[in-house]
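A closer look at the structure
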There are 2 protein chains.
Amino acid sequence: MSNVIDLKEVFAQPDRFMNQEVSLQGWVRNHRKQKSFGFINFYDGTVLSELQVVYEESLPNFEEIQKFAIGSAVFVRGTMVPSAGKNQQFEMKAAEVWLEGASAEDYPLQPKRHSIEYLREIAHLRPRTKLFQSVFRVRSLAAQAIHDYFQSNNFVYVHTPLITANDGEGAGQTFQVTTVDPDGCSRPVDYTQDFFGKKTCLAVTGQLEAEIFAMAYKKVYTFGPTFRAENSNTKTHAAEFWMIEPEMAFCDLHQLMSVEEEFLKFVVRTVMEKAPEELAFLEQYTKTPLTQKLGDFVQSGVARISHHDAIAALREAHAKTPFENEPKFGEDLAKEHEKYLTDELFHSPCFVYDWPKEIKAFYMRQNEDGETVAAVDMLVPGAGELMGGSQREERVDRLVARMNEIGISTDSFNWYLDLRRFGGCVHSGFGMGFERLIIYLTGVDNIRDVIPFPRTPGNCEF
Amino acid sequence: MSNVIDLKEVFAQPDRFMNQEVSLQGWVRNHRKQKSFGFINFYDGTVLSELQVVYEESLPNFEEIQKFAIGSAVFVRGTMVPSAGKNQQFEMKAAEVWLEGASAEDYPLQPKRHSIEYLREIAHLRPRTKLFQSVFRVRSLAAQAIHDYFQSNNFVYVHTPLITANDGEGAGQTFQVTTVDPDGCSRPVDYTQDFFGKKTCLAVTGQLEAEIFAMAYKKVYTFGPTFRAENSNTKTHAAEFWMIEPEMAFCDLHQLMSVEEEFLKFVVRTVMEKAPEELAFLEQYTKTPLTQKLGDFVQSGVARISHHDAIAALREAHAKTPFENEPKFGEDLAKEHEKYLTDELFHSPCFVYDWPKEIKAFYMRQNEDGETVAAVDMLVPGAGELMGGSQREERVDRLVARMNEIGISTDSFNWYLDLRRFGGCVHSGFGMGFERLIIYLTGVDNIRDVIPFPRTPGNCEF
């Protein structure tokens, strides 16, 4: 058994294994039986490709093999031989096939096309389909590419807390975390009796804590789960998702944009190199020019436009062909506006920077115009806002003034202000929703299908 | 500004930078002033080492520089020159020094030794000390090494859910996650009105979901936060910690042990290669033979002993020099027993396998003796149990029988049983608490000091 290898090795070096004997363990995706022989479409999950295993009646357990149901776990040993089949270079001529674990006739993944909605209901089996094998391998490879990029550029990976007593930036509605029994507690609830001695919730961001570490290590990043209790049933919202939040000392807004661009190109290029087969499958499945889109992005520049100039361009377009929503100075962009900028104006991703301060968070650096903050969103074709970042307000007086202005108490943020009092400096960071990235990379457009076990309103299965 | 480099580059290639001009941005850790010159101990967090920056009164802003307080953020430009100092190969002769951000006289990290307990209270500043710079860089490098090991061995990284409606394995007390207002809700609480339409909590393990993916990809791993609402105030317990849970199809208990050993050696070796300076500092700080311990582990084998034989050996030792707790067949090991096995019996880490079924989880594979399950703990000198794993029960009838026996309802685990009904196979996995690993790697023995912002009973700051 020790000489069992991963199917991936075989596909990586077909010449090396041709006419050699190989042992494999995996599963039956399809099984076609003839009178004196049979074909097993074998996969082991280490590579998207299946291997055709041909067995003949000369095998002592031929009749038993013919009963192996779809989904069975099997051991196969045999010789790799050139294949006469159209879509495969080689196949295995089996010397030995036996059952590792049976499957049943009611196995839901019979070889026919299942709707993505149906597969969502059987989230414990869907990773076995080629579609989800592709999505979740891309997810894994993208995660590794993210770590590789940051680590090779001297960023330190920081685990910011998930349970917190502050609600971060007021960035979203929170889930309460408690050991108080809501059926039996006193009213009003005495939170000194709760696990942490106070009211706590799940973090909506790790940014503020990441800033702590940026002031120590210069360049840091987080990569962890984040939670929003928003009652949104859209294709892009989940209550639990993963986020990457890099934070850099001595980095201003335009340097930040350069990092974002370099980072994203590295991740896209790496996934293209490591998962060409998965991307080809996804391109076919989604019927979109996926590899073209990603290849173009890696080659192209990323345009940069101020929010003011973007609105001006949008208003000009609006005058000719009206949008549903009129673009207005000082206001947010609608999806259709984002789409116009990337798909019509630039034909590429673009950065929109210097946003109206009223629609952005308190910690963003105030520009000299008194109207805008040094914030930047990166918009990409087909996925909208992929990253949001800003230069942070490092001037303690301006920061406190802004907090007072919008009614954020400074009491619980003394530690955050300390970062400005003790060697604070120009610094910037951004956040990227990991699922947004996976949607962009795979073309699969519903967040429920790019996260293993999605949590959405009313849905917490598995 | 674009030619500012990381201090790490300078220390990595001193010959290349000698007599060259370099620009850096970072912070003042110490500052000694003489009448006509001064020394700044400069660091930028990309490397543990400090650079001595020498400035002279010929600089136009000499008097201003002399006022730079400890903790200030600074820009320095100058030439790298050989140093006369004992502990440094080179220093910078400054051509330009200016302030990026001031610090105050009450900056808490003045150059003297602070107690680790005091530093814990200022968790927003402690990453700037050499001790915590070391700990948290080791943490970051260890995380990357873990990803590198698994990815290069064809494991797929899986994000298992953090919010869950089942309490996993009954492995620990859970935190409730809710959007119900405990002060205003109906009693009894109507959980159909809660965010997910039912009662939910924070996950204590991702193992069961990891098994889903192992049955699709053969080899997978998780690396994410985990939560326990245990009211324990010990050095090794935190309410929120990170865990790694690999899961492998077609892998039995003894193959699992081999993977655990290979994995851990890879991580230890990688950290030793990438963080020699940090480990040397930690060795000095903790006054333990840290590098010796880690080096020995990488070289040595890992002993394997059954729980039965371990108890027999412990009872023999007990007869000579009694333990506080008498070792008993069929019972758990106390800390002192673990210590005896690693430090006295084997002088190395060891695996203890085939544990009494009564003290282990329901999903572990039942051995033929009817008494034990195919579980294994890895014990390491100085850290006790570092990993816990098992072969999983793949026989659906045995699994259901065990669940009935100990009163676990199969209703909510139908998906878990499906994994056995449809192509289930021999499979195994283990869990490793990431902070346990960091304690082992750094010699810093309190979990509060190896996690950036520890959450323990009554403690949820930052």
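This structure is a prediction, so every number in the text was calculated from the model and none was measured.

Helix and strand counts for chain A stand at 14 helices and 16 strands. For chain A, the C-alpha atoms occupy an extent of roughly 85 × 60 × 45 Å along the three principal directions. Here chain A, with 462 residues, has 62% of them falling under the buried criterion. Sequence separation of at least 24 residues holds for 68% of the intrachain contacts in chain A that already meet a minimum separation of 6. A total accessible area of about 17900 Å² is found for chain A, and carbon and sulfur atoms account for 47% of it. Side chains of chain A carry 48 positive and 66 negative charges; the gap between the two charge centres is 3 Å.

On to the environment of T192 of chain A, then. All names here are of chain A. Looking at the secondary structure, you find T192 in the loop between β8 (176–178) and β9 (200–202). For T192, a relative accessible area of 53% puts it in the exposed group. A distance of 2.5 Å separates a polar atom in the side chain of T192 from a polar atom in the side chain of D190.

What follows deals with the relation of the copies chain A and chain B. Take chain A, turn it by 180 degrees, move it 0.0 Å along the axis, and it overlays chain B with an RMSD of 0.0 Å. In short, the pair behaves as if placed about a two-fold rotation axis. Looking at chain A, 100% of its interface residues are interface residues in chain B too, so the copies touch through the same face.

To continue, consider the sheet that holds strand β11 (residues 240–249) of chain B. Residue and element names in this part refer to chain B. The 8 strands lie next to each other as β6-β10-β11-β16-β15-β14-β13-β12, forming an open sheet whose pairing is mixed. Pairing within the sheet leaves two strands with one partner each, and these edge strands are β6 (156–157) and β12 (303–306). Here 6 bridges tie strand β14 (residues 372–380) to strand β15 (residues 384–391), and the two strands are oriented antiparallel to one another. Looking at the pairing, L379 lines up with E385 of β15.

Relative to the elements of secondary structure, L162 of chain B occurs in the loop between β6 and β7 (163–164). A residue is classified by how much of its surface remains accessible, and L162 of chain B, at 3% relative accessible area, is buried. Placed 64 residues apart in sequence, L162 of chain B and T226 of chain B show a C-alpha to C-alpha distance of 7.4 Å. Once residues lying within four places of it in the same chain are set aside, the contact partners of L162 of chain B are P225, F227, E240 and W242 of chain A together with C201, L202, A203, P225 and F227 of chain B.

Attention now goes to the sheet that holds β9 of chain A. Judged by pairing direction, the sheet is antiparallel, and its 6 strands sit side by side in the order β7(A)-β9(A)-β8(A)-β8(B)-β9(B)-β7(B) without closing on themselves. Of all strands in the sheet, those with a lone pairing partner are β7 (163–164) of chain A together with β7 of chain B, marking the two edges. Relative to strand β9 (residues 200–202) of chain B, strand β8 (residues 176–178) of chain B runs antiparallel, the two being bridged by 2 bridges. The residue bridging Q176 of chain B from the neighbouring strand is C201 of chain B, located in β9 of chain B.

Helix length check: helix α7 (residues 253–274) of chain B, at 22 residues, gives a terminal C-alpha distance of 32 Å against a target of 32 Å (1.5 Å per residue), a fit within 8%. N-capping of α7 of chain B is provided by D252 of chain B, with a side-chain oxygen placed 3.1 Å from the backbone N of H254 of chain B.

As a further point, take the packing of aromatic side chains. For the structure shown, the criterion picks out 66 aromatic pairs over all chains. Ring plane angle 80 degrees and centroid distance 4.9 Å describe the contact between F175 of chain A and F195 of chain B, whose orientation is recorded as edge-to-face. Taken as a pair, F175 of chain A in the loop between β7 and β8 and F195 of chain B in the loop between β8 and β9 lie in two separate chains rather than in one. When sorted by exposure, F175 of chain A lands in the same class as F195 of chain B, which is buried. With 5.8 Å between their ring centres and 80 degrees between their planes, W415 of chain B and Y416 of chain B make a pair best called edge-to-face. Each member of the pair W415 of chain B and Y416 of chain B is classed as buried. Aromatic rings pair up to connect F132, F136, F453 and F462 of chain A together with F213, Y217, F362, Y363, F413, W415 and Y416 of chain B into one cluster. Lying across the ring of W355 of chain B, K360 of chain B places its NZ or CZ 4.4 Å from the centre.

A separate point is the side chain of R139 of chain B. Following the sequence through the fold, R139 of chain B ends up in helix α5 (residues 130–152). A relative accessible area of 2% places R139 of chain B in the buried class. For R139 of chain B, the contacting residues outside a window of four places in its chain are H159 of chain A together with W242, F434, E435, I438, V450, I451 and P452 of chain B.

Once that is clear, we can look at the interface of chain A and chain B. Listed per partner, the contact involves 121 residues of chain A and 121 residues of chain B. Carbon and sulfur atoms make up 60% of the area that chain A and chain B hide from each other, which totals about 9100 Å². Here chain A is connected to chain B by 8 salt bridges. In this structure, D6 of chain A engages K218 of chain B in a salt bridge whose closest nitrogen and oxygen atoms are separated by 3.0 Å.

Residues with a pLDDT of 70 or more make up 98% of chain A, whose mean pLDDT is 95. Listed scores for the predicted complex are pTM 0.97 and ipTM 0.97.

Walk down a regular strand and you will see the side chains alternate between the two sheet faces. Residues and elements named next belong to chain A. Counting buried positions along strand β3 (residues 51–56) gives 5 out of 6 residues, so the element sits mostly inside the fold. The pairing of strand β2 (residues 37–43) with β3 spans 6 bridges and is classified as antiparallel. Note on β3: the bridge partner recorded for I40 is V53. Here 2 bridges tie β3 to strand β5 (residues 90–101), and the two strands are oriented parallel to one another. Its bridge partner lying in β5, V54 is registered against K93.

Residue and element names in this part refer to chain B. Tracing the backbone through its elements, the reader meets L294 in helix α9 (residues 290–299). Classification of L294 as buried rests on a relative accessible area of 0%. Each C-alpha atom, one on L294 and one on N3, is 38 Å from the other, the two residues being 291 residues apart in sequence. The residues touching L294, leaving out its near neighbours within four places in the chain, are V268, M272, L279, Y440 and L441.

Rules behind the numbers
Residues numbered from 1 in each chain as written. Chains lettered and ligands numbered in written order. Predicted model: local features only at pLDDT ≥ 70, side-chain atom pairs only at ≥ 80, totals over all residues. Heavy atoms only, no water. Helix = DSSP H or I, 4+ residues; strand = E, 2+ residues; numbered from the N terminus. Buried < 20%, exposed > 50% of the residue type's maximum accessible area, 1.4 Å probe, protein only. Contact = heavy atoms within 4.5 Å. Areas by Shrake-Rupley, 256 points an atom, 1.4 Å probe, with all protein chains shown as cover. Lys, Arg positive; Asp, Glu negative; His and termini not counted. Charge placed at Lys NZ, Arg CZ, Asp CG, Glu CD. Polar contact = N/O pair within 3.5 Å; in protein donor to acceptor, adjacent residues only side chain to side chain. Least-squares fit on C-alpha atoms with pLDDT ≥ 70 in both. Pairing = 2+ DSSP bridges. Expected span 1.5 Å × (residues − 1). Phe/Tyr/Trp six-rings, centres within 6.5 Å; stacked < 30°, edge-to-face > 60°. Lys NZ or Arg CZ within 6 Å of the ring centre and 35° of its normal. Buried area = accessible area lost by both parts, 1.4 Å probe. Salt bridge = Lys/Arg side-chain N within 4 Å of Asp/Glu carboxyl O. pLDDT = per-residue confidence, 0-100.

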